[in-house]
Amino acid sequence: MVAQGKRGIGGVLGLVGVCAMGIIPAFAIDVKLSMEEAQKALEAGRAPMDKANSPEEVKKVLQQASLATRVGADPEKDSCGASAILRTKRYRLEAFGRQEASESKKRKTDIRMPDEFIKKVIDMPNMEVEVQLCGDDEYFAEGAVIEMQQGSKKVKAIDVGKAERGRKNESSGPAYRSRFTAVFAYESFDPNAASVFVINQQDGKEVRIAADFSKVK
């Protein structure tokens, strides 16, 4: 981050924890971004947070952002429907932009992400996907296998994280909610295509999440 012309590395590190936020609606995943486009993405994340002056307004900004790269069920309408958040390059940059705005308000000075950190995001070779779903016991999601299907093409994840232990589901549907992350190489899939994430659980259940990449950026 840059504060009054000086680099604030601590501020940058603080941004890393907010990568799990969303972005505004757009049209097709951008695999290649210029520095100018990246700066515009930061501003797109920063602007609504700059205008949010109460906890309620901040919550609304974050809720709207979280839906923009989510595919599958809308948690506001179906709390236990399967869904996935696509952590694209723009997604991460806009999340950083929101954090820039928050830090700027706290410190009462403009806080900005250094160019070298922006370039790291631009050069990211992979897209992380966070899958959220429900099941009947605390460990239902352990050992789940995921792939992306685009027509007849099947794309394997290059890495799958350990599923969280299920949390009690207070709404209707299965008893527990869990999530896990998977990583897909950008070079392995069509960033503009209609796709389906297929999750196979150890108990034999299959979950399918439709994902139209033409509506995500």
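Residues numbered from 1 in each chain as written. Predicted model: local features only at pLDDT ≥ 70, side-chain atom pairs only at ≥ 80, totals over all residues. Heavy atoms only, no water.

A.B. asks: Give a description of the overall build of the protein chain that names residues and reports values.
C.D. replies: Broken down by element type, the protein chain carries five helices and 13 strands. Scored against the burial criterion, the 217 residues of the protein chain give a buried share of 47%. The contacts in the protein chain between residues at least 6 apart in sequence include a share of 73% that link residues at least 24 apart. Accessible surface, the protein chain as shown: approximately 11300 Å² in total, 51% of it carbon and sulfur. (Helix = DSSP H or I, 4+ residues; strand = E, 2+ residues; numbered from the N terminus. Buried < 20%, exposed > 50% of the residue type's maximum accessible area, 1.4 Å probe, protein only. Contact = heavy atoms within 4.5 Å. Areas by Shrake-Rupley, 256 points an atom, 1.4 Å probe, with all protein chains shown as cover.)

A.B. asks: Describe the packing of aromatic side chains, with residues and values.
C.D. replies: Enumeration according to the criterion identifies four aromatic pairs in this entry. Measuring from centroid to centroid gives 5.7 Å for F184 and F197, while their planes differ by 50°, and the two rings are tilted. With F184 in strand β11 (residues 176–185) and F197 in strand β12 (residues 194–200), this residue pair connects regions lying 13 residues apart in the sequence. Classification of F184 by relative accessible area gives buried; the value is 0%. A network of ring pairs unites the aromatic residues F184, Y186, F189, F197 and F213 as a single cluster. Above the face of the F117 ring, K120 is positioned so that its terminal group lies 5.1 Å from the ring centre. (Phe/Tyr/Trp six-rings, centres within 6.5 Å; stacked < 30°, edge-to-face > 60°. Lys NZ or Arg CZ within 6 Å of the ring centre and 35° of its normal.)

A.B. asks: How would you sum up the state of the cysteines? Please name residues and give values.
C.D. replies: Summed over all chains, the structure comprises one disulfide. Two residues share a disulfide in this structure: C80 and C134, whose sulfurs sit 1.8 Å from each other. The chirality of the disulfide connecting C80 with C134 is left-handed, given an S-S dihedral of about -110°. Residue C80 is located in the loop between β3 (70–72) and β4 (83–87), and its partner C134 is located in strand β6 (residues 126–135); the two are separated by 54 residues in the primary sequence. Just as C80 is buried, C134 falls in that class too. (Disulfide = S-S within 2.5 Å.)

A.B. asks: Report on helix α5 (residues 115–122), specifying residues and quantitative values.
C.D. replies: Listing the buried residues of α5 in full gives F117, I118, V121 and I122. For α5, the arc enclosing every buried residue in end-on projection is 150°, short of the 170-degree limit, so these residues lie on one face. (Arc of directions from axis to C-beta.)

A.B. asks: Outline unusual backbone geometry, supporting the account with residue identities and numerical values.
C.D. replies: Although it is not a glycine, K108 sits at a positive phi angle of roughly 60°. With respect to the secondary-structure elements, K108 resides in the loop between α4 (89–107) and β5 (111–112). On the basis of relative accessible area, K108 is assigned to the exposed category, the value being 75%.

A.B. asks: Describe in detail the pairing of β11, supporting the description with residues and values.
C.D. replies: Where burial is concerned, most of β11 is hidden: seven out of the ten residues are buried. By the bridge criterion, ten bridges tie β6 to β11 in an arrangement that is antiparallel. Opposite V129, over in β11, you have A182 as the bridge partner. Sheet topology places strand β9 (residues 159–160) next to β11; two bridges connect them, and they run antiparallel. Across the sheet, residue V160 finds its bridge partner in β11, namely A182. Two strands pair when backbone bridges link them, and strand β10 (residues 167–168) and β11 are joined in this way by two bridges, in the antiparallel orientation. (Pairing = 2+ DSSP bridges.)

A.B. asks: I'd like a rundown of the sheet that holds β12, residues and numbers included.
C.D. replies: Strand pairing in a sheet relies on backbone hydrogen bonds, with the paired strands running either antiparallel or parallel. The antiparallel open sheet is built from four strands, whose spatial order is β8-β7-β12-β13. Two strands close off the open sheet at either side, each with one partner strand: β8 (153–156) and β13 (206–212). On average, each strand axis in the sheet is inclined to that of its neighbour by 25°, with strand direction left out of account. The pairing of β12 with β13 spans seven bridges and is classified as antiparallel. Opposite V196, over in β13, you have A210 as the bridge partner. (Axes fitted to C-alpha atoms, helices over the stretch in contact; angles between N-to-C directions.)

A.B. asks: Can you explain the pairing of β13? Please cite residues and give values.
C.D. replies: Residues V207, I209 and A211 point to one face of β13 and are all buried, whereas E206, R208, A210 and D212, pointing to the other face, are not buried. Count of turn residues in the β12/β13 antiparallel hairpin: five residues, of which G204 carries a positive phi of about 95°.

A.B. asks: Lay out the nonpolar core in plain terms, naming residues and giving numbers.
C.D. replies: As a rule of thumb, nonpolar side chains are buried together in soluble globular proteins. Core analysis: the biggest nonpolar cluster contains 29 residues, and L86, V131, I146, F184, F197, I199 and F213 have the highest contact counts within it. Put simply, the parts of the chain that give this core at least two residues each are β4, β6, β7 (145–150), β11, β12 and β13. In this structure, A41, F96, V121 and I122 belong to the second largest nonpolar core, which totals eleven residues. (Core = buried A, V, L, I, M, F, W, Y, C linked by side-chain atoms within 4.5 Å.)

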